[in-house]
Every structure is written in structure tokens, then in C-alpha cells.
Amino acid sequence: MDLRTIFNSFGAREDYRQIIEEFNDFIKLYEMALLELQSDIEIIELEWQTRYEYSPFEHIKTRMKTPQSLQKKIERKGVPFTIEGIRDNIFDIVGLRIVTSFEDDVYKIYELLKGRNDLKIKRVKDYIKNPKPSGYKSLHLIVETELILSEGIRWVPAEIQIRTLAMDFFASTEHKLQYKYNTKELSQEIKDELFEVAQASSQLDEKMTRVRNTILID
Ligand code: GTP
Ligand code: MG
């Protein structure tokens, strides 16, 4: 690919090297934030496993937004193609997904995160209480994580998605069907069918919680 197309989209500047360096420094901050968040969460997980018999964590996944996906989002949202534009408008360059066994574990983890001083919760989107039209369920948090650098403290945004295994099964599979195998919009018939899968996943969660509650009471 001719890199000039990328560089030109930053504006008609000739000093490509400086632009690249600035952008690299900018992205490095997010990479550091990802490391920080991941280790914070892993420590919480380890602490739960050590201190209690039960840990609400099933597994954790992290990702950095790919440049392609970042570019698509910038274009879709009409965000200025500048470092400031990205910094002020895109909050999911760092993504962390926490998968739990039970639905109430999602809120248990949310409470844990709320209590931390090195995390600011900027926005909560509860798609468990208010699922998306697709049937998608998940608790989304836009947070800022504290980074302690030699130059001082920086707060870097990230998106944390918390959901159960059943919600994750639906979301991951539906996402694959939506984006990977099909470039055009899914038909209403398929959407309806997927919505039924989402309902079935929710029923699995409810059933599993009932079983657990029975065991806890016994
Ligand atoms: P984006 O601009 O895509 O980030 O959407 P938003 O700013 O409205 O955020 P929202 O919280 O709605 O969604 C963010 C992320 O949640 C998406 O990038 C997906 O990973 C996930 N998501 C949201 N809706 C769906 C859905 O219907 N199906 C699946 N599989 N994932 C979804
Ligand atoms: Mg920290």
C-alpha cells in the first residue's frame, strides 16, 4: 500500500516522520494502559481465587483496536482525523472483556471496579437491563485508567465489557456472522432467528442461576 494515502489524510503536511512519531507516542499510551488494566484485573482475579472459594471471573480477553477498525470508526463517526480528534472521541482503542459464570457476577465485578481509585468510570451502558434490538446483552463501561509515568499521571480511556458466558456465546457468534461472513445487511428473517438465539442464551443464564441458588440454599 502507498503509505502517502494514510499520511495525506492527516492533512497536507510534508513532515511525515514527525507525524508518525507523534502518532506512535500517542498509541503507546494506550498500549501502556492496556497492560495496566490487564494486570489490575488479573490481580483482582487472583485475589478472589486466593481469598474466597469462589471467583466471579470466567475469563478475560484484551485487545487494541486495529488501525483499520480505528479508521473505519473515525470515518463512520465523522471524527476529525487528528490525534486530538481521536483522543476526544474514540474511547475503545483499549478494550477489555470480562466473562463471568453468572449474571449477578457482572454487577459484582462492576461494584469492585467502582471502588478503585486508579479507575474512573465515565459512562455505563447496561445492555443487560436494556438489551440491544439484536438481543445483544452486556454491561459496557467507558473508563479511564491511571497511568503513572515519569512525566506525571495520565488518565487513559478504555472500554470494559462485562458479560456472562451465555451472553458472550451469543455476542461472539453473532458478531462473526454479522461482520466476517457477510458484508451486506442480514435479512430480517435471520435477525429474528438470531434474536431467538439471544433469548435462549438468556434462558440458560436464568436456569443456571436457579440451579446455583438451589445448591447455595441446600
Ligand atoms: P460503537 O460506535 O460501535 O463503539 O458503538 P457505540 O459507541 O454505540 O457503543 P456500544 O456500547 O453500543 O457498542 C460497542 C461495542 O459493543 C461494539 O463495538 C461491539 O463489540 C459490541 N456490540 C454492540 N452491539 C452489538 C450487537 O448487536 N452484537 C454484537 N455481537 N456486539 C455488539
Ligand atoms: Mg492501575
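Residues numbered from 1 in each chain as written. Chains lettered and ligands numbered in written order. Predicted model: local features only at pLDDT ≥ 70, side-chain atom pairs only at ≥ 80, totals over all residues. Heavy atoms only, no water.

With an unreviewed UniProt entry as reference, the protein chain is termed GTP pyrophosphokinase family protein, source organism Macrococcus bovicus. For the record of the protein chain, the UniProt heading Pathway (unreviewed entry) holds the text "Purine metabolism; ppGpp biosynthesis; ppGpp from GTP: step 1/2." (UniProt positions renumbered as here; feature names shortened; annotations may be inferred.)

Undergrad: So what exactly am I meant to see when it comes to the overall build of the protein chain here?
TA: Per the secondary structure count, the protein chain includes seven helices and five strands. What you see in the protein chain, going N to C, is helices and strands ordered as α-α-β-α-α-β-α-β-β-β-α-α. Counting only C-alpha atoms and orienting by the principal axes, one finds that the protein chain spans roughly 70 × 50 × 25 Å. For the protein chain, the residues scored as buried account for 38% of the 218 residues in total. A fraction of 62% describes how many contacts in the protein chain between residues 6 or more apart in sequence connect residues 24 or more apart. (Helix = DSSP H or I, 4+ residues; strand = E, 2+ residues; numbered from the N terminus. Buried < 20%, exposed > 50% of the residue type's maximum accessible area, 1.4 Å probe, protein only. Contact = heavy atoms within 4.5 Å.)

Undergrad: Got a minute to help me understand the site of ligand 1 in this structure?
TA: Of all residues adjacent to ligand 1, which total 15 residues, the nearest are K73, K132, S134, H140 and E174. Within the side chain of Y127, an N or O atom sits 2.8 Å from an oxygen atom of ligand 1. Q161 is positioned with one of its side-chain polar atoms (N or O) 3.4 Å from an oxygen atom of ligand 1. Out of a free accessible area of 610 Å², ligand 1 has 73% covered by protein chains. Elements that contribute at least two residues to the shell around ligand 1 include exactly helix 3 (67–77), strand 5 (152–164) and helix 6 (165–180). Each residue belonging to the shell around ligand 1 can be placed in one class, and the counts come to three nonpolar, four polar and eight charged. (Near = heavy atom within 4 Å. Polar contact = N/O pair within 3.5 Å; in protein donor to acceptor, adjacent residues only side chain to side chain. Areas by Shrake-Rupley, 256 points an atom, 1.4 Å probe, with all protein chains shown as cover. Nonpolar A, V, L, I, M, F, W, Y, C, P; charged D, E, K, R; others polar.)

Undergrad: Any chance you could explain the sheet that holds strand 3 (residues 119–126) here in plain terms?
TA: In sheet architecture, strand pairing relies on hydrogen bonds along the backbone and comes in two forms, parallel and antiparallel. A sheet is described by the order of its strands in space; here five strands give the open sequence 1-2-5-4-3, paired in mixed fashion. For this open sheet the edge positions go to strand 1 (57–64) and strand 3, each flanked by a neighbour on one side alone. Put simply, the sheet's adjacent strands are angled 25 degrees from each other on average, direction ignored. For strand 1 and strand 2 (residues 94–100), the ladder comprises seven bridges, and the chain directions are antiparallel. (Pairing = 2+ DSSP bridges. Axes fitted to C-alpha atoms, helices over the stretch in contact; angles between N-to-C directions.)

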